[in-house]
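Reading the structure
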Amino acid sequence: MSTSSNVLSEEQFLCSVCLDVFTEPVSIPCGHNFCKACISEYWNSSVLCQCPLCKDTFNRRPDLKTNTTLRDVADHFKRMKVSDREESSSKPGEVAQVQQMVQERLQKVKEIKLSVELSQRDAEREIAGSVEVFTALVRSIERSQAELIEVVEEKQKEAQRQAEGLIEKLEQEISELLRRGTELDHLHQNSPSPIKDWSEISVHRDLHVGTVRRALSQLEEMLHNEMEKSCNAELKMIQQWSVNVTLDPDTAHPKLIVSKNRKQVSYGDIRQNIPDNPKRFGRYLSVLGKKGFSSGRFYFEVQVRGKIEWEVGVARESIIRKGPTVKSPDAGLWAVNMKGENKYEIMDTPPIPLFLSQKPQKVGVFVDYEEGQISFYDVENRSHIYSFTGCTFTEKLYPFLNPCNNSEGPNTAPLVISPVNHTD
């Protein structure tokens, strides 16, 4: 069992303290493994709590929990040793195969643990970033609120000062009029002082019109800027899941022209004489990607520049190819559509209108199969268009392109699968 030809060597399952196959193996923080009884006894007899192999020292004695995966493998290894002695190597090929399978599973355990660790780091980074953003937003809101209160209070003080000035002038004129009243018999001898007309004088109560609205507009602009930053970071992150999409000519409607490199599709107006097959769209001017996806995440980009009508998204494998169907998620299609100048909608029942501030030139499509999410992005403007969430996928999903015809006007420009530009 300890020969160099074996996939697993006996040394891999020996405790470095007792030099025997692990019994109730435990893993300590430095990553080394020992029998639970061996490492406990070692620490009981030592002043320092350290690893017998690498000498890493721990401030606190680690809580020892059985490494169940290593225990099961070690137990299996013990049984293999007994079986090997009993059978005198009668089935070396089978034993090597089992060892290979065990080694593959141990490697998979390492990969999963690493994936969890990386996921934890990503989560911590995401939390830290969100805390920073929302803390800044809260501070900005508090600052805007304080500024708003200060503006309102200052306007109120100004109104009060204005009112006090008017009152003072009115009281002076009242005193003047009272003096005149006591001297009525002399009024014909004196030219009266001009009296101010107060009928149109007032202090406005609505001094704060538009103040709150302007403050909210500033916050709205700030939130828009933060949304742009967030979307840019999001797009950079999901672009790592880009895949090499090529189109499948066997699925293309007969009036569609697929380029030789299978990266472009355009409307040809003339029905081509090509073989029909169950995969080919017979009613809709559509084509699917060559490769489907039934797990994980994938992302691709489609150039829509120069077109006034198009549909881009993903479709499930069982989407109806020959007869009429409703273009919606219920029918197996998740797509965004442009029809006419600056008229966009999400294909659903009923369609969901989109109001985009800028005309997309390149559309990014991101799918998270397990999460049940499909998202669309305006790549050049670094903005989010729409997301389907809470979906349940049970079939392969394929990239879906429809260059549409010329019903809305000249629309001969092709839809192009574009290489993803991984920006820093």
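Not measured: the values here are computed from a predicted model. (Residues numbered from 1 in each chain as written. Predicted model: local features only at pLDDT ≥ 70, side-chain atom pairs only at ≥ 80, totals over all residues. Heavy atoms only, no water.)

**Description of the overall build of the protein**
The helix and strand inventory of the protein stands at four helices and 15 strands. By residue count, 34% of the 424 residues in the protein fall in the buried class. Partitioning the contacts of the protein with sequence separation of at least 6, the portion at a separation of at least 24 is 62%. In the form shown here, the protein has an accessible surface area of approximately 26,400 Å², with 52% of it arising from carbon and sulfur atoms. (Helix = DSSP H or I, 4+ residues; strand = E, 2+ residues; numbered from the N terminus. Buried < 20%, exposed > 50% of the residue type's maximum accessible area, 1.4 Å probe, protein only. Contact = heavy atoms within 4.5 Å. Areas by Shrake-Rupley, 256 points an atom, 1.4 Å probe, with all protein chains shown as cover.)

**Brief notes about the sheet that holds strand E6 (residues 297-303)**
Here we have seven strands laid out as an open sheet, ordered E3-E4-E15-E6-E11-E12-E13, and antiparallel in their pairing. Single-partner strands in this sheet number two, and they are strand E3 (256-258) and strand E13 (383-388). On average, adjacent strands in this sheet sit at an angle of 20 degrees to one another, irrespective of strand direction. In this sheet, E13 lies alongside strand E12 (residues 373-378) in antiparallel orientation, the contact comprising five bridges. What sits directly across from aspartate 378, in E13, is serine 383. (Pairing = 2+ DSSP bridges. Axes fitted to C-alpha atoms, helices over the stretch in contact; angles between N-to-C directions.)

**A few points about the pattern of salt bridges**
All told, the structure shown has eleven salt bridges when counted by the stated rule. Linking glutamate 158 and arginine 161 is a salt bridge whose minimum nitrogen-to-oxygen distance equals 2.7 Å. Of this pair, glutamate 158 and arginine 161 both sit in helix H3 (residues 92-181), separated by three residues, roughly a single helical turn. The partner of aspartate 248 in a salt bridge is lysine 279, and the shortest N-O contact between them spans 3.0 Å. Taken together, the residues span a long stretch of sequence, with aspartate 248 in the loop between helix H4 (211-238) and E3 and lysine 279 in the loop between strand E4 (264-267) and strand E5 (287-288) at a distance of 31 residues. (Salt bridge = Lys/Arg side-chain N within 4 Å of Asp/Glu carboxyl O.)

**Some thoughts on the pairing of strand E14 (residues 397-402)**
The element E14 is extensively covered by neighbouring structure, given that six of its six residues are classed as buried. Sheet topology note: the E5/E14 ladder contains two bridges and is antiparallel. Pairing of valine 287 across the sheet is with leucine 401, part of E14. Direction of pairing for strand E7 (residues 309-316) relative to E14: antiparallel, over a ladder of six bridges. Its bridge partner being in E14, valine 314 is matched across the sheet by proline 399.

**Here's the deal with the sheet that holds E7**
Backbone hydrogen bonds are what pair the strands of a sheet, in a parallel or an antiparallel way. A sheet is described by the order of its strands in space; here six strands give the open sequence E5-E14-E7-E8-E9-E10, paired in antiparallel fashion. In this open sheet, the two edge strands, each paired with only one partner strand, are E5 and strand E10 (352-354).

**A few points about helix H1 (residues 36-44)**
Inspection of H1 places Cys38, Ile39, Ser40 and Trp43 among the buried residues, and these make up the whole buried set. Looking at the buried positions of H1, the neighbouring elements they touch are strand E1 (25-27) and strand E2 (33-35).

**A few points about unusual backbone geometry**
Between threonine 349 and proline 350 the backbone carries a cis peptide bond, its omega angle lying at -5 degrees. Positioned with a positive phi, leucine 19 is a non-glycine residue whose angle comes to about 60 degrees. Relative to the assigned elements, leucine 19 resides in the segment before E1. Even without glycine at this site, lysine 55 takes up a positive phi of about 65 degrees. Positionally, lysine 55 belongs in the loop between H1 and helix H2 (68-87). Residue classification places lysine 55 among the partly exposed positions, given a relative accessible area of 44%.

**What about the side chain of lysine 327?**
Positionally, lysine 327 belongs in the loop between E7 and strand E8 (333-339). Take lysine 327: its relative accessible area is 19%, and that puts it in the buried class. Of note is the side chain of lysine 327, whose polar atom sits 3.0 Å from the side chain of glutamate 311. Residue contacts for lysine 327: discarding those within four places in its chain leaves Tyr284, Glu311, Leu333, Met347, Asp348 and Asn402. (Polar contact = N/O pair within 3.5 Å; in protein donor to acceptor, adjacent residues only side chain to side chain.)

**Structural notes on the nonpolar core**
Ranked by internal contacts, the top residues of the largest apolar core, which has 36 residues, are Trp310 and Ile374. Those residues in contact with tryptophan 310, other than ones at most four positions away along the chain, are Val304, Val336, Asn337, Met338, Tyr344, Val363, Asn402, Cys404 and Leu415. (Core = buried A, V, L, I, M, F, W, Y, C linked by side-chain atoms within 4.5 Å.)

**With respect to the packing of aromatic side chains**
A full pass over the atoms with the stated rule returns ten aromatic pairs. Between the aromatic rings of tryptophan 43 and phenylalanine 58, the centroid separation amounts to 6.3 Å while the plane-to-plane angle is 80 degrees, which identifies the pairing as edge-to-face. Of this pair, tryptophan 43 sits in helix H1 while phenylalanine 58 is found in the loop between H1 and H2, placing the two residues 15 residues apart along the sequence. Phenylalanine 58 carries the same exposure label as tryptophan 43, and that label is buried. A ring pair is formed by phenylalanine 298 and phenylalanine 300, whose centres lie 6.5 Å apart and whose planes are at 10 degrees; its orientation type is stacked. Taken individually, phenylalanine 298 and phenylalanine 300 each receive the classification buried, so the pair is uniform in this respect. Grouping aromatic residues by their ring pairs yields a cluster made of Phe293, Phe298 and Phe300. Over the aromatic face of phenylalanine 281 sits the side chain of arginine 321, whose NZ or CZ is 5.5 Å from the ring centroid. (Phe/Tyr/Trp six-rings, centres within 6.5 Å; stacked < 30°, edge-to-face > 60°. Lys NZ or Arg CZ within 6 Å of the ring centre and 35° of its normal.)

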